[in-house]
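Survey of secondary and tertiary structure
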Amino acid sequence: MFALDSPKQKAYLYMHISILLWGLTGVLGRGIDLQAGMLVWYRMIITALSMFAFIVLTRRSIKINTPDLFRLFGIGTVLMIHWLFFYGAIKYSNVSIALSMLASQGLFTAILEPIVRKKKFRWDELIFSITAIIGIWMIFRVEEIYATGMIFGLLAAFVGAFFNILNKDMVDRHSPIVVSFYEIVAGLAVLSLFLPFYIHYAHPAKLIPSQLDWGLLLILGILCTHVTILLSLEALKHLSVFTLNLSLNLEPVYTIALAFLIFHENKQLHTGFFIGAGIIMLSVLLESYFQARKT
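So, a few notes on the structure that sits alongside this text. (Residues numbered from 1 in each chain as written. Predicted model: local features only at pLDDT ≥ 70, side-chain atom pairs only at ≥ 80, totals over all residues. Heavy atoms only, no water.)

Comments concerning the overall build of the chain
Using the following cut-off: Each helix corresponds to a stretch of at least 4 residues labelled H or I by DSSP, and each strand to a stretch of at least 2 residues labelled E; elements are numbered beginning at the N terminus. A radius of gyration in this sense is built from C-alpha atoms; the matching globule rule multiplies 2.2 Å by the number of residues raised to 0.38. Relative accessibility thresholds used throughout: buried, under 20% of the residue-type maximum; exposed, over 50%; partly exposed, between the two (1.4 Å probe, protein chains only). A contact between two residues is defined here by any heavy atoms of the two lying within 4.5 Å. To be clear on the numbers: accessible area is Shrake-Rupley with a 1.4 Å probe, and residue cover counts the displayed protein chains and nothing else. When charges are counted, Lys and Arg contribute as positive and Asp and Glu as negative, whereas His and the chain ends are disregarded. By convention, charge coordinates are those of NZ in Lys, CZ in Arg, CG in Asp, or CD in Glu.
A tally of helices and strands in the chain yields twelve helices and zero strands. In terms of C-alpha radius of gyration, the chain reaches 19 Å, essentially the compact-globule figure of 19 Å for 295 residues. With the principal axes as the frame, the chain shows a C-alpha extent of 50 × 50 × 50 Å. Buried positions account for 46% of the 295 residues belonging to the chain. A fraction of 87% describes how many contacts in the chain between residues 6 or more apart in sequence connect residues 24 or more apart. Accessible surface for the chain amounts to roughly 15,100 Å². Of this, 69% is attributable to carbon and sulfur atoms. In the chain, the 22 positive side-chain charges and the 16 negative ones have mean positions that sit 6 Å from each other.

Here you go:
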């Protein structure tokens, strides 16, 4: 019988379970019969309640100084916008295309981080970014019917890159669980403020989830959001941040594989999609490989 004999083996298991659960978010997003705005709103409510219950039960302190609280409010708003674009991409295209576009997030980070943090540009990272753009261009050419979804996917990647850059300093200074809780609550507050306008102008077909939707939303909000954070933090006790980030590149692969298995999306896509997606994944993996060599 398979046994985990060391903490590091358990850490690798936790890491890959968390990545697989993150990968499920796209599949669940397609399965939930709600428009992106309502889906994100319910996801944030469920996750905020789950995190609050966990903080109370574990008696964690949630004290954070006022300047950082305002920063978390802004970062939480960025996270909420990222999720809106991500699920908008899925609703206007499909899971495979949305995740192919999202795979460019790390490459957007390579371009944006030197600007935000005033660091030197790395030419190797820019070369990998250009390679990914070639893959994106190929997908646009053969899947024009999904152009709106692809644009939303690229916007999700762009905003997600900003979130990662801004969030890094906060996680270094405070408990990641507490940081995540404040960010979720902030994003929920801003989205709730604009929800009446969203309902008025977007005219979502459904406002109240069905019984099946509630089940999928609970899995999305608790298992695929809250639990994944706990598992990844447990993994980080024995693995480096770089190892986790490197392994996160598997998320689009897991998600696209699940979309092929559950929704048979491979039958809906042209050969050019697979070539373009392969180029994007190759650029991400090569960038990770060169980073590993430097580390």
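The discussion continues.
Structural notes on the packing of aromatic side chains
Heads up, the condition is: The criterion for an aromatic pair is that two Phe, Tyr or Trp rings (for Trp, the six-membered ring) have centres within 6.5 Å, with stacked assigned to planes under 30 degrees apart, edge-to-face to planes over 60 apart and tilted to the rest.
With the rule as written, the count across this model stands at twelve aromatic pairs. With a centroid separation of 5.7 Å and an interplanar angle of 90°, the aromatic rings of Phe108 and Phe158 are classed as edge-to-face. One end of the pair, Phe108, is in helix α5 (residues 105–117); the other, Phe158, is in helix α7 (residues 147–173), with 50 residues separating them in the sequence. Ring centres 5.3 Å apart and planes at 80° place the aromatic pair Phe273 and Phe274 in the edge-to-face group. Here Phe273 falls in the buried class, since its relative accessible area comes to 1%. Relative accessible area serves as the criterion here: at 36%, Phe274 is assigned to the partly exposed category.

Concerning unusual backbone geometry
Trans is the prevailing form of peptide bonds, just as negative phi is the prevailing case for residues other than glycine. In the Ramachandran plot, His203 falls in the positive-phi region, its phi being about 50° despite a non-glycine side chain. Mapping His203 onto the fold places it in the loop between α8 (176–202) and α9 (211–236). Non-glycine residue His264 carries a positive phi angle of around 55°. When you line up the elements, His264 lands in the loop between α11 (251–263) and α12 (271–294). The exposure class of His264 is partly exposed, given its relative accessible area of 42%.

Some remarks on α5
Along an α-helix, residues three or four positions apart point the same way, because every turn accommodates 3.6 residues. Inclusion rule: Given the number of residues in a helix, its expected span is that number minus one, multiplied by 1.5 Å. Two axes enter the definition of the bend at a residue: one is fitted to the seven residues ending there, the other to the seven starting there, and the bend is the angle between them.
End to end, α5 covers 17 Å across 13 residues, agreeing with the expected 18 Å (1.5 Å per residue, within 8%). At Ile111, α5 shows its maximal bend, which comes to roughly 35°, and the proline Pro114 appears one to four places after that position. For α5, the complete set of buried residues consists of Gln105, Leu107, Thr109, Ala110, Leu112 and Pro114. Lys118 sits one or two positions beyond α5 and adopts a positive phi of about 55°.

Re the pattern of salt bridges
Using the following cut-off: Note on definitions: salt bridges are taken to be side-chain nitrogens of Lys or Arg within 4 Å of carboxyl oxygens of Asp or Glu.
Counted according to the given criterion, the structure contains five salt bridges. Between Arg71 and Asp68 there is a salt bridge, with its nearest N and O atoms 2.4 Å apart. A residue pair is termed a helical-turn pair when its members lie 3 or 4 positions apart in one helix, as Arg71 and Asp68 do in helix α3 (residues 66–92) at three residues. A relative accessible area of 45% places Arg71 in the partly exposed class. Of the charged contacts in the structure, one is a salt bridge between Asp213 and Lys206, with a shortest N-O distance of 2.7 Å. Asp213 sits in the buried class, given a relative accessible area of 2%. Taken together, the shared-partner salt bridges connect Asp33, Lys206 and Asp213 into one network.

Description of the nonpolar core
Operational definition: By nonpolar core is meant a set of buried Ala, Val, Leu, Ile, Met, Phe, Trp, Tyr and Cys residues that side-chain atoms within 4.5 Å join together.
In terms of nonpolar packing, the biggest core is built from 66 residues, with Tyr87 and Leu220 touching the most fellow members. Grouped together as the second largest cluster of nonpolar side chains are six residues, Ala11, Met15, Ala235 and Leu239 included.

Some words on the environment of Phe263
Mapped onto the secondary structure, Phe263 falls in helix α11. In sequence terms Phe263 and Val27 are 236 residues apart; their C-alpha atoms lie 8.7 Å from each other. Not counting chain neighbours up to four residues away, the residues in contact with Phe263 comprise Val27, Arg30, Gly31, Leu258 and Gln268.

Quick notes on the packing of helix α6 (residues 123–142) against α7
The condition is simple: To get an axis, fit a line to the C-alpha atoms, keeping to the stretch in contact for a helix; angles then go from 0 to 180 degrees between the N-to-C directions. If an angle is under 35 degrees, it is roughly parallel; if it is over 145, roughly antiparallel; if it lies from 65 to 115, roughly perpendicular; otherwise it is oblique. Crossing chirality is assigned from the near helix's rotation relative to the far helix, an anticlockwise turn below a right angle marking it left-handed and a clockwise turn marking it right-handed. When residue character is reported, Ala, Val, Leu, Ile, Met, Phe, Trp, Tyr, Cys and Pro are called nonpolar, Asp, Glu, Lys and Arg charged, and the others, Gly included, polar.
Here α6 crosses α7 at 160°, and the two axes come no closer than 10 Å. The angle between the axes of α6 and α7 places the two elements in the roughly antiparallel class. Crossing geometry of α6 relative to α7 is assigned as right-handed. For the pair formed by α6 and α7, the contact residues are Ile136, Ile139 and Phe140 on the first element and Ala147, Met150, Ile151 and Leu154 on the second. A class-by-class count of the residues in the contact of α6 with α7 yields seven nonpolar, no polar and no charged.

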